[in-house]
Amino acid sequence: MYRTALRNVLAHKGRLLMTALAVMLGTAFVAGTMVFSDTFGSALKNSYSKDFANFSVQVTDHGAGNDTRAADHTGTAAAHLGAGTVTQLSALPGVARAVGVVDGFTAVADRSGKAIGQGRDSNGSNYVPGTDGRDPRYPMVAGRGPQHAGEIALDRRTADKGGYHVGDTVRVATNGPALSTTLTGVFTSDSPAVNSGNPLVLFDTATAQQQLLTAGQFNRIEVIGAPGSSQDALLTEVLHALPNSDAITARTAQQLQDQEKADIGSSLSGMRTMLLAFAGISLFVGVFIIANTFTMLIAQRTRELALMRAIGASRRQVTGSVLAEALLIGSLASVAGLLAGIGIGAGLQSLMGSLAGGNTPSGPLVISPATVLAAVLTGVLVTVVSAVLPALRAARIPPVAAMSSGDLPSSQKSLVVRNSVGAVIAGGGTALILWGSSAGSAGKWWVAGGAVFALIGTFVLIPLLSRPLIALVGPVLGRVFGVSGKLARQNAVRNPRRTAATAAALTIGLTLVSALTVLGASVTGVVDRAVTDTMKADYSVQLSNGLSVAPEIAEKVAHTPGVAASSPLTDSWFEVGGKTRAVSGIDAAAADQVLHVKLTSGSTAALGRGQVLVDDEVAKANGLAVGSTLPAVYPDGSTGTLTVGGVFTKNHLVNPLLMANEALTRHGAELSVDTVLVKGTGGESGALRQALVHAGGDNPLIQVDTKQDLRDQFSSQISFALNMMYGLLAMSVLVAVLGVVNTMAMSVFERKREIGMLRAIGLNRGGIKRMVRLESVVISLFGAVLGLGLGCFLAWAVNGTLKNDLTGLTTVLPFGKLALFLGLAGLVGLVAAVWPSRRAAKLDILDSIKAA
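Residues numbered from 1 in each chain as written. Predicted model: local features only at pLDDT ≥ 70, side-chain atom pairs only at ≥ 80, totals over all residues. Heavy atoms only, no water.

## Some remarks on the overall build of the protein
Basically, it comes down to this: The numbering of helices and of strands both runs from the N terminus, where a helix is a DSSP run of H or I of at least 4 residues and a strand a run of E of at least 2. Only protein chains enter the accessibility calculation, which uses a 1.4 Å probe; a residue whose area is less than 20% of its type maximum is buried, one above 50% is exposed, and one in between is partly exposed. Whether two residues are in contact is decided by their heavy atoms: any pair within 4.5 Å suffices. Reported accessibility uses the Shrake-Rupley method at a 1.4 Å probe radius. Residues are deemed covered only where the shown protein chains occlude them. In this tally, Asp and Glu contribute negative charge and Lys and Arg positive charge; neither His nor the terminal groups of the chain are included. To locate a charge, take atom NZ for lysine, CZ for arginine, CG for aspartate or CD for glutamate.
Each helix and strand in the protein was counted, giving 26 helices and 22 strands. Each principal axis of the C-alpha atoms in the protein carries an extent, and together these give about 100 × 70 × 50 Å. Residues classed as buried in the protein amount to 49% of the 852 residues present. Long-range contacts, defined as pairs at least 24 residues apart, comprise 81% of the intrachain contacts of the protein with a sequence gap of at least 6. Of the roughly 37,600 Å² of accessible surface on the protein, 61% is carried by carbon and sulfur atoms. Between the averaged position of the 67 positive side-chain charges in the protein and that of its 53 negative side-chain charges there is a distance of 23 Å.

In structure tokens form, the structure reads like this:
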């Protein structure tokens, strides 16, 4: 029987090619994901390990720059790392040197005023020369390190990108106006951040503290051990010498390196899981192709299998023979997929490097035993499991079927049981989805579970749905394409199970694509309305890296000619009503001119009286109304009560609590300025926009946006995310296309006699081609319609679970994109039928008619 299985694989290798390709693509996706994540993770870990090679113990002040008082409100200032701590640690036994380090965001402008690098990850630090006048962390390749205010050193990559040389004037900026500095030196660095293309700017220590932190403070102290000292022993000594503060911690370089590796592994695991999920979708689509292929092969070999039963083969032997074929195909395809996956992994690594301009860490390909085992086992198991039902069906063929002259069984098993089971599963899934959608954010898992059952139930019911849905286009096909159209419709519904298996592969992909598209359009609509309805200001002034805007920029913006009103929109945190809450701040005098707060009670004038406005959700949860009071513990340690001056509808631009900036500052809040809202005297104008840029002190990251700019930015982010998802789903769509090609090719083979008869009675080659192509298009469109319907329904349900988080969220159907997906599905069917239709048209009439 096993020799028979091998003979059958070799005899039908052409018909099994698409099945092998489907398995190969799925396993290649799995192997490529694992190779890429392992290789990239290894390169990252090796790169970041260099950050910990220059010290033994690192002391970190997690509260550096925070001048608030201690938690017990005694008025005692919190301890910080300063020059005294550095001196104290330097004197410890076993310490060769202790270096106080200051770091923080610093942008570098090129000669045209634009930021060099990615902006967000640009960094600044301090140059700490030793007795020889050099800092061993930053070897100079030209010039010297900075010694005074107004001097900087740049890493070599940044200097080359900006075309800067020693002695040039370079503009740098933190979160305020840009500073003109003199470049005194160019250095090299093994820092992975620098090697990734992010600028590193070095100041003298005093300037770094003034610009990046607080005068006299350090973010951390790096302790370098003397030769022969161990990190653990040194850590013990350091801990005894540190100030008593919960915000100050000390760890060895090895501990930090181990933590960094764990963090990298954790961050990459999310990406790996997502990619493997999409690989799983491709393999799931492949299941339909594999099962369909073996079902059709068994139908075509009915006489052969019945004859084997007649000469003594048992049902177990027949089942084993079919599964052996699947095992052989799965093994060969999996090995090919593993090899292709290694190539995909290498390609992804190169692509990542090219997209980042060659600034990502690189290393040799990592092909672990787990990758090899996972890829091969996945492919083999998927193939064998997919062939189980066809194998069992083959074992039930009676010996008397050997006397039949047809390729297909003379009758089909009733679909009543299948339809009943499918209706129960789909109905249960739909009920769960409706329940979860009405339950708000708590119902997301109900929707997820219901979606799985609804999809499975739909797949089971596809044979039942195929006849009525395809029948709807029958008259159109007949009128437009004549006999070929009528035959195509009849062929599409001739074998409902086969149509179902072929269409289901496309249904899966279109369900996910359409659901993501509708969700993206719905969320974009919410943000668009939030900006349009809430923001009265003409411009928003902010930093492109998301950092807080410096107060001096906000002040200059307010005094810019052409500005009618402006206000910083700030964030702060403190205890209100027994909970630590986020509080937005706005200038009371300008609030009504730059921001629209839809009040259900009260007035924005309450802001000027030091009162608080709360959104309707907070008011409802705490039983608040105008005049209610809330106990507060302010950032400066004082306590008091806040009076509710108004209740507003939840607003996506501000936090649930809104106060005047003046009141927040009075109570010691450290305001983080997210953006400065600006209302122009004459509305939007190019002159005002340019004036606001200059008000930002020519900071290379200053960003002045209109309401349309803000909408476009968010829309582009959604589009980028959707395009990435579309790209990941492309593999499953490709597998689905292979399924259509495979089904149509095998269908042509088993209908060889029928096609010969059609040719004999007058249907020309063009009519045969048209018939096969229309059948393929009809099946593809049928699967696409089901997928679009399911996807829109699931997106509507998911939106229901998000309504509490996104006020005003409604389901938006982007009809243009949905129509495009439908058209592309039809094109997929047309392209998939090119080869099968040409093959059908070339069949010899007499050879086809006499085919047994």
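Back to the write-up after that little detour.
## Brief notes about the sheet that holds strand β1 (residues 57-61)
The line we're drawing: A strand pair is defined by DSSP finding two or more bridges across the two strands. Angles shown run from 0 to 180 degrees and are taken between the N-to-C directions of axes, each axis being a line fitted to C-alpha atoms and, for helices, limited to the stretch in contact.
Judged by pairing direction, the sheet is antiparallel, and its four strands sit side by side in the order β2-β11-β1-β12 without closing on themselves. The open sheet has two free edges, formed respectively by β2 (95-101) and β12 (248-252), since each of these has just one partner strand. Averaged over all pairs of adjacent strands, the angle between their axes in this sheet comes to 15 degrees, without regard to strand direction. Judged from the five bridges that link them, β1 and β12 form a sheet pairing that is antiparallel. Residue pairing across strands places Thr60 opposite Thr249, the latter belonging to β12.

## Quick look at the environment of Val141
Looking at the secondary structure, you find Val141 in strand β6 (residues 140-143). As a C-alpha pair, Val141 and Ala370 span 229 residues in sequence and 45 Å in three-dimensional space. Those residues within four positions of Val141 in sequence are excluded, and the remaining contacts are Arg156, Val186, Phe187 and Thr188.

## Describing the packing of aromatic side chains
The line we're drawing: Geometry of aromatic contacts follows a simple scheme: Phe, Tyr and Trp rings, the Trp one being its six-membered ring, pair when their centres are within 6.5 Å, and the pair is stacked under 30 degrees between planes, edge-to-face over 60, tilted otherwise.
For the structure shown, the criterion picks out seven aromatic pairs. Here Phe36 and Phe40 contribute two aromatic rings whose centre-to-centre distance is 5.7 Å and whose plane-to-plane angle is 10 degrees, an arrangement assigned as stacked. Here the residue Phe36 and the residue Phe40 both occupy positions in helix α2 (residues 13-48), the gap between them amounting to four residues, near one helical turn. Residue classification places Phe36 among the buried positions, given a relative accessible area of 5%. Ring geometry for Phe284 and Phe459: centres 6.3 Å apart, planes at 45 degrees, overall tilted. You can see Phe284 sitting in helix α8 (residues 253-300) and its partner Phe459 sitting in helix α13 (residues 444-472), a full 175 residues away along the chain. With relative accessibility at 40%, the residue Phe284 sits in the partly exposed group. Take Phe459: its relative accessible area is 9%, and that puts it in the buried class.

## A look at the nonpolar core
To keep it simple, the criterion reads: We define a nonpolar core as any set of buried Ala, Val, Leu, Ile, Met, Phe, Trp, Tyr and Cys residues linked to one another through side-chain atoms lying within 4.5 Å.
Among the nonpolar cores identified, the biggest contains 82 residues, and Phe294, Leu305, Ile462 and Ile768 are the most heavily contacted of them. The element that contributes the greatest number of residues to this core is helix α23 (residues 765-802), accounting for 12 residues. For Leu305, the contacting residues outside a window of four places in its chain are Ile298, Val318, Ala394 and Ile397. Judged by nonpolar contacts, the second largest core, of 37 residues, contains Val531, Ala591, Leu613 and Leu677.

## So, the pairing of strand β9 (residues 179-187)
Where β6 meets β9, three bridges bridge the pair, whose relative direction is antiparallel. Bridging across to β9, Met140 finds its partner in Phe187. Pairing geometry for strand β7 (residues 151-155) and β9, over five bridges, is parallel. Note on β9: the bridge partner recorded for Glu151 is Thr182. Where strand β8 (residues 169-173) and β9 come together, four bridges link them in antiparallel fashion. In the sheet register, Arg171 faces β9, and the bridge partner there is Ser180.

## Some thoughts on the pattern of salt bridges
Keep this limit in mind: One side-chain nitrogen of Lys or Arg within 4 Å of one carboxyl oxygen of Asp or Glu is enough to make a salt bridge.
Throughout the structure, instances matching the rule amount to 10 salt bridges. A salt bridge links Arg711 to Asp528, with the shortest nitrogen-to-oxygen separation between them at 2.9 Å. Note that Arg711 is positioned in helix α21 (residues 707-750) and Asp528 in helix α15 (residues 496-534), a separation of 183 residues in sequence. Taking the relative accessible area as the measure of exposure, Arg711 reaches 18% and is therefore buried. One salt bridge connects Glu617 with Lys650, and the closest N-O pair in it is separated by 3.7 Å. Of this pair, Glu617 sits in helix α18 (residues 616-622) while Lys650 sits in the loop between β19 (639-648) and β20 (657-660), and the two are 33 residues apart along the sequence. Judged by relative accessible area, which is 39%, Glu617 ranks as partly exposed.

## So, the packing of α15 against helix α24 (residues 815-832)
As a reminder of what qualifies: Roughly parallel means an angle under 35 degrees; roughly antiparallel, over 145; roughly perpendicular, 65 to 115; everything else is oblique. Left-handed is the label given to a crossing in which the near helix is rotated counterclockwise from the far helix by less than a right angle, and right-handed is the label when the rotation is clockwise. Three classes are used: nonpolar for Ala, Val, Leu, Ile, Met, Phe, Trp, Tyr, Cys and Pro, charged for Asp, Glu, Lys and Arg, and polar for all others, with Gly counted as polar.
At their nearest, the axes of α15 and α24 sit 11 Å apart, and the two run at 160 degrees to each other. With respect to their mutual orientation, α15 and α24 come out roughly antiparallel. Relative to α24, α15 is oriented so that their crossing is right-handed. Residues Leu506, Leu510, Val513, Ser514 and Thr517 of α15 touch α24, and the partners they reach there are Lys817, Leu818, Phe821 and Val828. In terms of residue class, the contact of α15 with α24 is made up of six nonpolar, two polar and one charged.

## Describing the confidence of the model for the protein
Applied cut-off: Each residue gets a pLDDT score, which is the predictor's confidence in that residue and runs from 0 to 100.
Taken over all residues, the pLDDT of the protein has a mean of 85, while the share at 70 or more is 92%. Predicted confidence is poor over residues 67-77, with pLDDT under 50, and the contacts of this stretch with residues over four places away or in other chains come to 12 contacts. Overall, residues 405-412 carries pLDDT values under 50, and its contacts beyond four positions in sequence, including any with other chains, amount to 17 contacts.

## What about helix α14 (residues 474-494)?
Rules: By definition here, a helix of n residues has an expected span of 1.5 Å times n minus one. Two axes define the bend at a residue: one fitted to the seven residues ending there, one fitted to the seven starting there, and the bend is the angle between them.
With 21 residues, α14 extends only 13 Å from end C-alpha to end C-alpha; this falls clearly short of the ideal 30 Å at 1.5 Å per step. Of all the bends in α14, the largest measures some 150 degrees and sits at Phe481. Of the positions making up α14, those classed as buried are Gly474, Leu477, Gly478, Ser484, Gly485, Leu487, Ala488, Asn491, Ala492 and Val493. On its buried face, α14 is in contact with α13, α15, α22 (752-760) and α23.

## Examining helix α20 (residues 686-695)
Each turn of an α-helix holds 3.6 residues, which means side chains three or four residues apart point in the same direction. The line we're drawing: Of all possible arcs, the one meant is that of the directions from the helix axis to the C-beta atoms.
Among all positions of α20, only Leu688, Leu692 and Ala695 are buried. Projection of α20 onto a plane perpendicular to its axis shows the buried side chains occupying an angular sector of 55 degrees, all on one side. Every exposed residue of α20 that faces more than 90 degrees away from the buried side is listed here: Gly686 and Ala687. Each element contacted by the buried residues of α20 is listed here: β13 (539-543), α16 (551-558), β14 (563-576), β21 (672-680) and β22 (702-705). Looking one or two places after α20, you find Gly697, whose phi comes out positive at around 65 degrees.

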